[in-house]
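Residue-level structure breakdown
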Amino acid sequence: MGIRFDKLGAVIAAIAAYACLVAPFATFRANRIVAGEARTMLESLPPATGWALMAIVTAAALIALLRTPPMLRLGASLTALVALAVLIGVAGSFLTPADNNYARVSPAHGFWLLVFAFALLLADVLTRLALSPWARMLTLAGAAACIGLLLASGSWDSLSILREYAGRADSFRAEGGKHLTLALGSLAAAAIVGVPLGILCHRVDALRAGVLNVLNIIQTIPSIALFGLLIAPLGWIAAHVPGAAALGIRGIGTAPAFLALFLYSLLPVVANTVVGLAGVPRAANDAARGMGMTGRQRLFRVELPLALPVILTGIRIVLVQNIGLATIAALIGGGGFGVFVFQGIGQMAMDLVLLGALPTVALAFAAAIVLDAVVELTSIRKSGVPS
Amino acid sequence: MKWLPTIARLALLALLVAFVTSPGWFEPLLKPLTENNAPAIYNQGNLLTLTLLHLRTVAIATLGAIIVAVGLAILVTRPFGAEFLPLSRSLVNIGQTFPPVAVLALAVPAVGFGEKPTLIALFLYGLLPIFENALTGLTTLPANVVEAARGAGMTPAQRLVKVELPLSLPVMLAGVRLSVVISLATATIGSTVAAKTLGEVIIAGLLSNNLAFVLQGGLIVAAIAVLIHDGFLALERMAARRMGRER
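Worth saying up front: this structure is predicted, and the values here are computed from it rather than measured.

Thoughts on empty space enclosed by the protein
All names here are of chain B.
- For the structure shown, the criterion picks out 1 cavity of 30 Å³ or more.
- Estimates place the volume of the largest cavity at around 30 Å³.
- Contributing to the lining of the largest cavity are Pro100, Leu104, Thr118, Ala121, Leu122, Thr186, Ile189 and Gly190.
- Those elements that place two or more of their residues in the lining of the largest cavity are helix H5 (100-111), helix H6 (115-139) and helix H8 (156-189).
- Of all the elements, H6 adds the most residues to the lining of the largest cavity, at 3 residues.

So this is what it looks like as structure tokens:
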């Protein structure tokens, strides 16, 4: 029996080899904005630790390269990822000279490539294991707990992105809160308006094409333009409608951002409600009618429950899209993580960009996993298989 | 009534061309939106040039995305690459959760400011819909047709070029349409990292509190997106009719 290779494993091993041997592991800069100096893996870590990481990565890459059982691959990818996460923090404190508050150490592309390679291996194993929705949410919670633990333990404190955070802890929390309010609030508003509008469109043929066309056209307006265009009408309302300003309606800031996100959210919600209701089997509706259910009873007990997975898919699209789009709100003074992204771009301080971009990506990713699991759970119930 | 939509589209196209070539004609319309005698028509660059650069950026990124996405979809649907199929599906799902602004911002440290980070973001973001649709097209071919092609003695390469690709063309085109429409809007964000696109007009308007700029930038992009969207729909219908797959 010859040794058999895994094709994906070959890709992973190639990336890992390049990242270990050629690419820099960390970047050292004397201060926040000067060009960085590359440091290889062995230069970034205390000698013994550096070799240990090299050994872990090599072993994990070999496990990936050969055809090995899924559980072994799962263990290898997790070990490699945890080792990388812990040791990049060690590299941070190792490379920073003592009592130097200006020096910055950040992960370089070799580190990111290694994370990518083993995340790929992990994604492959998880896909093959075909986890149940609950197991996927538990995995997500576990990953979040690990990251939270690393953050709380302070082992990453010497990395530049957390240096940026340290000076802005308060505003980070405030902008994070605004980001979530924008994304979730506009989603809630879109669901409250969109689902009834979708039901109406389903019932009234004449309305359907018109409403969907208008919502489609709104989607084609670039987000930064829509955000900007809403400044004027809202400013006018704030100035002329008594009490509006007291409610927080202002020309710039959160109000136009909220309204723009709401308008973008309507199409997926309305369209999916219409598609979901149209997909309700005629037999189910006939049976309900035969049982003497009124129109309202049919809607709430038959049609909406059967259409729920499709409607929730629309909600998932909206939530992921809104978490991303809320970053643009910063351009019109609406706050959110985009504040750090655009400040960072303006100051050419990439760690600040990361401080805004990484939480946004993480939030969108977590939202997608949770809602995918919820969609799957509701469709399992629909098809009558006990979950 | 059948030709009404066509006329409406031609009128929109004419209006669009007139606006970007001689924006001065429309000044009286936009003037009421400005304050303190600010200019009503974007004056820090030529609208036509910016529109063409915008279209060029989107075209390059989409072309790259088509080549890579269709190539990958072909690879994972062959016996050789079948191993990658489940992973590629989940990667597409994961990739779609990345917000475009984040992709753009993360590309800047790697390649610097200007057109390059925008191209990368548009390329990565455009890959996903095309790949997903190409995969759907190639995996949902009518089994009897593929079987007949095999029975007729076609080699795998002939089957791919003469049967599988033409049959999945309408679905692939739908993916390209989605990708182009998203890219057209997303390209405007590229101007936050100094790419030359119509976003420049919008951002200039936001910075100087000039609503006329915001409106003209936004409307030009929206008009182009609507026209390209409809153009692709017509192409898809044509491709579907040629293949006898009425939709």
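Let us keep going from here.
A closer look at the pairing of strand S1 (residues 26-29) of chain A
All names here are of chain A.
- Alternating residues of S1 divide into Ala26 and Phe28 and Thr27 and Arg29, and every residue in both groups is buried.
- Here S1 runs beside strand S2 (residues 37-39); their pairing, made up of 3 bridges, is antiparallel. Counterpart to phenylalanine 28 in the pairing with S2 is glutamate 37.
- In terms of strand pairing, S1 meets strand S3 (residues 104-107) through 4 bridges, oriented antiparallel. Opposite arginine 29, over in S3, you have arginine 104 as the bridge partner.

Some points on the nonpolar core
- Membership of the largest hydrophobic core comes to 95 residues, with the highest contact counts inside it found for Phe25, Met41, Leu53, Leu114 and Phe118 of chain A together with Ile220 of chain B.
- Broken down by element, this core gets its largest block of residues, 11 residues, from helix H4 (residues 70-95) of chain A.
- If sequence neighbours within four positions are ignored, leucine 114 of chain A has contacts with Ala16, Ala19, Cys20, Phe25, Met41, Val57 and Leu84 of chain A.
- Among the nonpolar cores identified, the runner-up in size contains 74 residues, and Phe227, Val269 and Ala326 of chain A together with Ile203 of chain B belong to it.

A short note on the packing of helix H8 (residues 169-203) of chain A against helix H12 (residues 254-278) of chain A
Residues and elements named next belong to chain A.
- It is at 6 Å that the axes of H8 and H12 come closest, and there the two elements cross at 40°. With respect to H12, the element H8 is oriented oblique. Taken as a pair, H8 and H12 cross one another with a handedness that is right-handed.
- Of the residues that constitute the contact of H8 with H12, the class distribution is 19 nonpolar, 9 polar and no charged.

Remarks on the interface of chain B and chain A
- At the junction of the two partners, chain B supplies 38 residues and chain A supplies 40 residues.
- Roughly 3,200 Å² of surface becomes buried between chain B and chain A when both sides are summed, with 82% attributable to carbon and sulfur atoms.
- Of all residues in chain B, the largest losses of buried area upon contact with chain A belong to Glu83, Leu87 and Thr97 of chain B, amounting jointly to 18% of the total for that side.
- Along the contact surface separating chain B from chain A lie 2 salt bridges.
- Where glutamate 83 of chain B meets arginine 67 of chain A, a salt bridge forms, and the shortest distance between an N and an O atom there is 3.0 Å.
- Inspection of the chain B/chain A interface yields 2 residue pairs in polar contact (both at pLDDT 80 or more).
- Counting only elements with at least two residues in the side of chain B that touches chain A, the list comes to helix H4 (85-95), H5, H8, helix H9 (199-207) and helix H10 (211-242) of chain B.

Focus: the packing of H4 of chain A against helix H5 (residues 109-129) of chain A
All names here are of chain A.
- Two elements in contact, H4 and H5, have axes separated by 9 Å at closest approach and are oriented at 150°. As summarised for this structure, H4 and H5 are arranged roughly antiparallel, according to the angle between their axes. Our pair here, H4 against H5, has a crossing hand that is left-handed. Each of Pro70, Met71, Arg73, Leu74, Ser77, Leu78, Ala80, Leu81, Leu84 and Ile88 in H4 lies in contact with H5, whose residues at this interface are Phe111, Leu114, Val115, Phe118, Ala119, Leu121, Leu122, Val125, Leu126 and Leu129.

Points about the pattern of salt bridges
- Summed over the entire model, instances satisfying the criterion amount to 21 salt bridges over all chains.
- In this structure, the salt-bridge partner of arginine 39 of chain A is glutamate 37 of chain A, at a minimum N-O distance of 3.4 Å.
- Among the salt bridges present, the one from glutamate 115 of chain B reaches arginine 56 of chain B, with a minimum N-O distance of 3.3 Å. Within this pair, whereas glutamate 115 of chain B is found in helix H6, its partner arginine 56 of chain B is found in helix H3 (residues 47-77), the two being separated by 59 residues in sequence.
- A residue is classified by how much of its surface remains accessible, and arginine 56 of chain B, at 42% relative accessible area, is partly exposed.
- Each of Lys7 and Arg67 of chain A together with Glu83 of chain B takes part in salt bridges that share partners, so that together they form one network.

Description of H5 of chain B
Residues and elements named next belong to chain B.
- For H5, with 12 residues, the first-to-last C-alpha span of 16 Å sits near the 16 Å given by 1.5 Å per residue.
- Those residues of H5 lying buried are Pro100, Val101, Ala102, Val103, Leu104, Ala105, Ala107 and Val108.
- Once H5 finishes, glycine 112 follows within two positions and takes phi at roughly 85°, a positive value.

A short note on a nonpolar patch on the surface
- The grouping of Leu63, Ile67, Val68, Leu72, Leu75 and Phe80 of chain B at the surface amounts to a nonpolar patch, some 570 Å² of accessible area in total.
- Relative to the helices and strands, leucine 63 of chain B is located in helix H3.

Focus: unusual backbone geometry
- Backbone geometry at alanine 130 of chain A places phi at a positive 45°, although glycine is not the residue there.
- Looking at where alanine 130 of chain A falls in the secondary structure, it is placed in the loop between H5 and helix H6 (133-153).
- On the basis of relative accessible area, alanine 130 of chain A is assigned to the exposed category, the value being 59%.
- A positive phi angle is found at alanine 194 of chain B, which is not glycine, with a value near 70°.
- Within the secondary structure layout, alanine 194 of chain B lies in the loop between H8 and H9.

A few points about the sheet that holds S3 of chain A
Residue and element names in this part refer to chain A.
- A sheet is described by the order of its strands in space; here 3 strands give the open sequence S2-S1-S3, paired in antiparallel fashion. The sheet terminates laterally at S2 and S3, the two strands that pair on one side only. Direction aside, neighbouring strands of the sheet carry axes that sit 30° apart on average.
- The sheet contacts of H4 involve S1, S2 and S3, and relative to S3 the element is tilted by about 155°.

Notes on the confidence of the model for chain B
Residues and elements named next belong to chain B.
- Taken as a whole, chain B shows an average pLDDT of 85; of its residues, 98% reach a score of 70 or greater.
- Ranking the elements of chain B by mean pLDDT puts H5 last with 79 and H3 first with 93.
- Here the prediction assigns the complex a pTM of 0.84, and the interface score ipTM is 0.78.

Quick look at helix H14 (residues 295-325) of chain A
- An ideal rise of 1.5 Å per residue puts 45 Å on 31 residues; H14 of chain A reaches only 38 Å between its terminal C-alpha atoms.
- By the largest-angle criterion, leucine 308 of chain A marks the main kink of H14 of chain A, which is about 55°, and a proline, proline 309 of chain A, follows within four residues.

Definitions and cut-offs
- Residues numbered from 1 in each chain as written.
- Chains lettered and ligands numbered in written order.
- Predicted model: local features only at pLDDT ≥ 70, side-chain atom pairs only at ≥ 80, totals over all residues.
- Heavy atoms only, no water.
- 1 Å grid on protein atoms, 1.4 Å probe; cavity = no way out; pocket = protein on both sides within 12 Å on 5 of 7 lines; lining within 4 Å.
- Points joined across faces, edges and corners; volume = space filled by probe spheres on them.
- Helix = DSSP H or I, 4+ residues; strand = E, 2+ residues; numbered from the N terminus.
- Buried < 20%, exposed > 50% of the residue type's maximum accessible area, 1.4 Å probe, protein only.
- Pairing = 2+ DSSP bridges.
- Core = buried A, V, L, I, M, F, W, Y, C linked by side-chain atoms within 4.5 Å.
- Contact = heavy atoms within 4.5 Å.
- Axes fitted to C-alpha atoms, helices over the stretch in contact; angles between N-to-C directions.
- Parallel < 35°, antiparallel > 145°, perpendicular 65-115°, else oblique.
- Left-handed = near helix turned anticlockwise from the far one by under 90°.
- Nonpolar A, V, L, I, M, F, W, Y, C, P; charged D, E, K, R; others polar.
- Buried area = accessible area lost by both parts, 1.4 Å probe.
- Salt bridge = Lys/Arg side-chain N within 4 Å of Asp/Glu carboxyl O.
- Polar contact = N/O pair within 3.5 Å; in protein donor to acceptor, adjacent residues only side chain to side chain.
- Expected span 1.5 Å × (residues − 1).
- Patch = residues over 30% accessible without salt bridge, like charges linked within 9 Å, V, L, I, M, F, W, Y side chains within 5 Å.
- Areas by Shrake-Rupley, 256 points an atom, 1.4 Å probe, with all protein chains shown as cover.
- pLDDT = per-residue confidence, 0-100.
- Bend = angle between axes of the 7 residues up to and from the residue.

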